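# Fold and contact review
This is what each chain is made of:
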Amino acid sequence: MVRHHTVGRVRTSLVAGLAAVATLAGCASNSATAPKASATTGTSASAGAGGGTILSGEPDVNGDGKVVIGVLSPGDINDKGYYESFVDEADAFAKSKGWTVIKRGSVPATSALSAARALCQQKVDMIALGASELSDAIPASTEQVCAKTAWYVPSSANVAQTPQIMLSSDNPNQSMLAAGYATGLLMQAKGQTKAGFVTGQQADFTIAAAKAWKAGIREVLPKAQVVTTYAGDLNDSAKAKEAVQAQMSQGVKAMYPYLGGSTDAATALANTGKLITLTPGTDRCSSTSPTFDVSVLFSPGDYFAAALKQFAAGKLAMGAEKVWQLGVDPYPTVKLCKGTATEDKKLAAFMSSIGTKKIDPAAEVKRLGN
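These lines cover the structure that appears in this document, whether it is placed above or below. Not measured: the values here are computed from a predicted model.

When its secondary structure is counted, the protein shows nine helices and 16 strands. In the protein, once contacts between residues fewer than 6 apart in sequence are set aside, the share between residues at least 24 apart is 67%. Accessible surface, the protein as shown: approximately 14,300 Å² in total, 50% of it carbon and sulfur.

See the structure below:
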């Protein structure tokens, strides 16, 4: 599902194309200067603890006695991957709160602005963009029709911070380093020293992910070998299986299918060789076909659900960027599906050290990832 990190460098859609994943860098520098209220909204607001402003009445921003969340997605919201995960999380949380969700999938970028205006006309309290590809919708946030509406926007290089929107981002180095560390623990327990990383195109974000995962493994096994294969396509199952088979022939005992639609096919083949396997974004520890040993969680749906919890508590600030931190926030995180108590404790301590900045992922990747 790799959209790694649509929320940080936009793993813009492993499932849709892992290619947008690498853009979430940093708009946070602008958040502290956001005005306490937008002159265009006419909505009173209070200062948020982390910068930005909290709209009056949140989550019932427009004060009509109900909470309605509007979701716009550039992709198929029934794709069983990146785009659907975003909508599913919204539906699940909204249902638990008695809220309503209005959703629209496969929205072209050229229709983003009109689609956002249409949602505002339906008096939604929040507009959530499923991916930064729909950033053309953001100008509506300053228009009268959207005067009493909060905005949740996945951060990306093409999205500028404004007082009316909340940006959501993460740092892929954090979760990928921890994913490698978790892999290293399992390899160590089995006396294994060779791992493989299979992904799609050779792009900045896939190269960075591979290096961070390698560095994480070497935190545990300094002399471990890591083979990286760029299959050229995140969703082509035939190419992914060919890459996995080649790595298995080279003696790889752990394999990360950092893929989109071809994840299951690649993992199923890896299962035949009893390789250690990881998920690219979601919790699939309960999956039986294929099976996974490590769940690496950076799903945009998980981030959105966490943001909705803040919205429900009246603590979601506009005009600020939320950078989700491993070891601090619920997501991103890494989970051993069947880890021992000792392994779980070591992984938790490692992630905590990243959260407290005792471990600098960038420095570790530079030291161990090449």
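Now that the structure has been shown, the text picks up again.
We now examine the packing of helix H5 (residues 237–249) against helix H6 (residues 263–272). Where H5 contacts H6, the two axes come as close as 8 Å, and the packing angle between them is 25°. Comparing their axes, H6 and H5 come out roughly parallel. Crossing of H5 against H6: the hand is right-handed. For the pair formed by H5 and H6, the contact residues are Ser237, Ala240, Lys241, Val244, Gln245 and Met248 on the first element and Ala265, Ala266, Leu269, Ala270 and Thr272 on the second. Grouping the amino acids of the contact of H5 with H6 by side-chain chemistry returns seven nonpolar, three polar and one charged.

So, about the state of the cysteines. Enumeration according to the criterion identifies two disulfides in this entry. Disulfide pairing places Cys120 opposite Cys146 at an S-S distance of 2.0 Å. Because the torsion about its S-S bond is 105°, the bridge between Cys120 and Cys146 counts as right-handed. With a gap of 26 residues between them, Cys120 in helix H2 (residues 112–121) and Cys146 in the loop between strand S7 (126–129) and strand S8 (150–154) connect regions that are remote in the sequence. Exposure class is identical for Cys120 and Cys146. Each is buried. The disulfide that involves Cys285 links it to Cys337, with 2.1 Å between the sulfurs. Judged by the sign of its S-S torsion, about -80°, the cystine formed by Cys285 and Cys337 is left-handed. Pair noted here: Cys285 is in the loop between strand S13 (276–281) and strand S14 (294–297) and Cys337 is in the loop between strand S16 (333–336) and helix H8 (341–355), with a separation of 52 residues, a long-range link. Shown here for the protein is a disulfide pattern of 1-2, 3-4, where each number marks a bonded cysteine counted in sequence order.

As enumerated under the stated definition, the model contains seven salt bridges in all. Ionic pairing is found between Asp264 and Arg284, a salt bridge with its closest N-O pair at 2.5 Å. On the criterion of sequence distance, the pair formed by Asp264 in helix H6 and Arg284 in the loop between S13 and S14 is long-range, its members being 20 residues apart. Residue classification places Arg284 among the partly exposed residues on the basis of a relative accessible area of 23%. Salt-bridge contacts for Asp283 lead to Lys335; the nearest nitrogen and oxygen are separated by 2.8 Å.

Let us now look at the pairing of strand S10 (residues 194–199). In terms of residue burial, S10 counts as a mostly covered element, since six of its six residues are buried. Looking at chain direction, S10 and strand S11 (residues 225–230) are connected through six bridges and run parallel. Within S11, the position partnered with Ala195 by the bridge is Val226. In this fold, S10 hands off to helix H4 (residues 204–220), which returns the chain to S11; that crossover is right-handed. In this structure, S10 lies alongside strand S12 (residues 254–258), joined through five bridges in parallel fashion. Bridge pairing in S12 places Ala195 opposite Ala254.

The subject of this paragraph is the packing of aromatic side chains. Within this structure, the stated rule accounts for 12 aromatic pairs. Here Tyr303 and Trp324 contribute two aromatic rings whose centre-to-centre distance is 5.7 Å and whose plane-to-plane angle is 25°, an arrangement assigned as stacked. A residue pair is termed long-range when its members are at least 10 positions apart, and Tyr303 in helix H7 (residues 300–312) and Trp324 in strand S15 (residues 320–324) qualify at 21 residues. Just as Tyr303 is buried, Trp324 falls in that class too. Taken together, the ring pairs in this structure connect Phe197, Trp213, Tyr256 and Tyr258 into an aromatic cluster. Its end group placed over the ring of Trp324, Lys322 keeps NZ or CZ at 5.0 Å from the ring centre.

Another aspect to go through is the nonpolar core. Ile69, Met126, Trp213, Tyr256 and Phe304 are the most contacted members of the largest nonpolar core, which has 66 residues in total. In this structure, Phe304 is in contact with Ile69, Val71, Phe86, Ala90, Met126, Ala128 and Tyr152, ignoring residues within four places of it in sequence.

Once that is clear, we can look at the packing of H4 against helix H9 (residues 361–368). Put simply, H4 and H9 touch, their axes get as near as 8 Å, and they point 85° apart. Relative to H9, H4 is oriented roughly perpendicular. Contacts between H4 and H9 involve Lys211, Ala212, Lys214, Ala215, Arg218 and Glu219 from the first element and Glu364, Val365, Arg367 and Leu368 from the second. Residues that form the contact of H4 with H9 fall into these classes: four nonpolar, no polar and six charged.

Analysis parameters
As a convention, each chain's residues are numbered from 1 in the sequence order in which they are written. Local features in a predicted model are, by the rule used here, given only for residues with pLDDT of at least 70; side-chain atom pairs are given and counted only at 80 or more, and totals for whole chains, interfaces and linings are based on all residues. Note: side-chain values were computed over all heavy atoms of the structure, leaving out hydrogens and water. Each helix corresponds to a stretch of at least 4 residues labelled H or I by DSSP, and each strand to a stretch of at least 2 residues labelled E; elements are numbered beginning at the N terminus. Contact between two residues is taken to exist if any of their heavy atoms lie within 4.5 Å; hydrogens are not considered. Working definition of accessibility: Shrake-Rupley area with a 1.4 Å probe, residue cover restricted to the visible protein chains. Each axis is a line fitted through C-alpha atoms, taken for helices only over the stretch in contact, and angles between the N-to-C directions span 0 to 180 degrees. Should an angle fall under 35 degrees it is taken as roughly parallel, and over 145 as roughly antiparallel, whereas 65 to 115 is taken as roughly perpendicular and any remaining angle as oblique. For any pair of crossing helices, the crossing counts as left-handed if the nearer helix is rotated counterclockwise from the farther one by less than a right angle, and right-handed if it is rotated clockwise. Under the scheme applied, nonpolar residues are Ala, Val, Leu, Ile, Met, Phe, Trp, Tyr, Cys and Pro; charged residues are Asp, Glu, Lys and Arg; polar residues are all the others, including Gly. Working definition: a disulfide is two cysteine sulfur atoms within 2.5 Å of each other. Each residue gets one of three labels from its accessible area relative to the maximum for its type: buried under 20%, exposed over 50%, partly exposed in between, using a 1.4 Å probe on protein chains only. Any Lys or Arg side-chain nitrogen located within 4 Å of an Asp or Glu carboxyl oxygen qualifies as a salt bridge. Note: two strands are recorded as paired if DSSP finds a minimum of 2 bridges between them. With the strands aimed away from the viewer, a crossover counts as right-handed if its path from the first strand over the helix to the second runs clockwise. A pair of aromatic rings is counted whenever rings of Phe, Tyr or Trp (Trp by its six-membered ring) have centres within 6.5 Å, and the orientation is called stacked for planes under 30 degrees apart, edge-to-face for over 60 and tilted otherwise. Geometrically, a lysine NZ or arginine CZ counts as sitting over a ring once it is within 6 Å of the ring centre and also within 35 degrees of the ring normal. We call a set of buried Ala, Val, Leu, Ile, Met, Phe, Trp, Tyr and Cys residues a nonpolar core when their side-chain atoms join them within 4.5 Å.

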